[in-house]
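Listed below, chain by chain, are the residues.
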Amino acid sequence: MLSKLIYASQAVRPCSESDLESLLVAARRHNASHGLSGLLLYANQSFLQILEGELDELTALYARIVSDARHTRLRLLVSAPISTRKFACWSMGFEQIDERQMSASLPGFMPACEYPLVNPALIRDGVVAETLLDLYQRNAQQPA
Ligand SMILES: Cc1cc2nc3c(=O)[nH]c(=O)nc-3n(C[C@H](O)[C@H](O)[C@H](O)COP(=O)(O)O)c2cc1C
């Protein structure tokens, strides 16, 4: 059954560009060969991810993600059947909310440590999480 899964989590330490790149390269390779699609948001040491695919594939991947030592405080927000994919083009789209860049270009921009966009303490509600992921879907980078 085609399904979606959304969870929030906290990275155990700030992720560097190369941490994120190696995570994404491996994730995209696996997801592409297992019919999985989705989007991963990262900001201020917090992750928010949507995964779409067959339920057995999602369940197997989520079990691996849960036991991944790179993050903690996972909260499953949504697990539900879907009729169509919203993120079909992405084996794993990715958006990093770059606060330093935004602070430089947007006077008065409040960094996420003061106004957390993706912090799992804030994203407690599945509808809020999905709305945020949908908004970023428009801007997310295509895989290389
Ligand atoms: C925030 C986060 C998101 C991840 N997303 C995926 C993903 O979409 N696909 C994937 O295959 N691995 C993903 N991973 C990596 C998995 O947790 C795991 O390391 C990988 O599937 C390899 O599993 P294995 O070491 O049990 O073989 C993610 C890890 C983190 C921390």
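Residues numbered from 1 in each chain as written. Predicted model: local features only at pLDDT ≥ 70, side-chain atom pairs only at ≥ 80, totals over all residues.

Run through the site of the ligand, naming residues and quoting values.
Around the ligand sit 17 residues, and of these Ala27, His30, Phe47, Ile65 and Asp68 come closest. The dominant element in the shell around the ligand, judged by the number of residues it contributes, is helix α1 (residues 17-33), at five residues. Grouping the constituent residues of the shell around the ligand by class yields nine nonpolar, five polar and three charged. (Near = placed C-beta within 6 Å. Helix = DSSP H or I, 4+ residues; strand = E, 2+ residues; numbered from the N terminus. Nonpolar A, V, L, I, M, F, W, Y, C, P; charged D, E, K, R; others polar.)

How would you explain α1 if you had to name every residue and give the values?
Along its 17 residues, α1 runs 24 Å from first to last C-alpha, staying within 8% of the 24 Å computed at 1.5 Å per residue. For α1, the set of buried residues is Leu23, Leu24, Ala27 and Asn31. Down the axis, α1 shows its buried residues gathered within 100° of arc, on one side only. Summarising the geometry of α1, the exposed residues directed more than 90 degrees from the buried face are Ser18, Ser22, Ala26, Arg29 and Ser33. Tucked into the core, α1 has its buried residues touching β2 (37-43) and β5 (93-96). (Expected span 1.5 Å × (residues − 1). Buried ≥ 20, exposed ≤ 12 C-beta atoms within 10 Å, placed from the backbone. Arc of directions from axis to C-beta. Contact = placed C-beta atoms within 7 Å.)

Tell me about the pairing of β2, and name the residues and values.
Of all seven residues that make up β2, six are buried, and the element is covered over most of its length. When β2 meets strand β3 (residues 46-54), the two strands line up antiparallel, connected through seven bridges. The partner of Gly38 across the bridge, within β3, is Leu51. Counted along the chain from β2 to the antiparallel partner β3, the turn is two residues long, and its residue Asn44 has a positive phi close to 50°. (Pairing = 2+ DSSP bridges.)

How would you summarise the confidence of the model for the protein chain if you had to cite specific residues and measurements?
Model confidence for the protein chain is summarised by a mean pLDDT of 83, while 78% of its residues fall at 70 or above. Per-residue pLDDT stays below 50 along residues 112-116; that stretch engages in 10 contacts with residues further than four places along the chain or on separate chains. (pLDDT = per-residue confidence, 0-100.)

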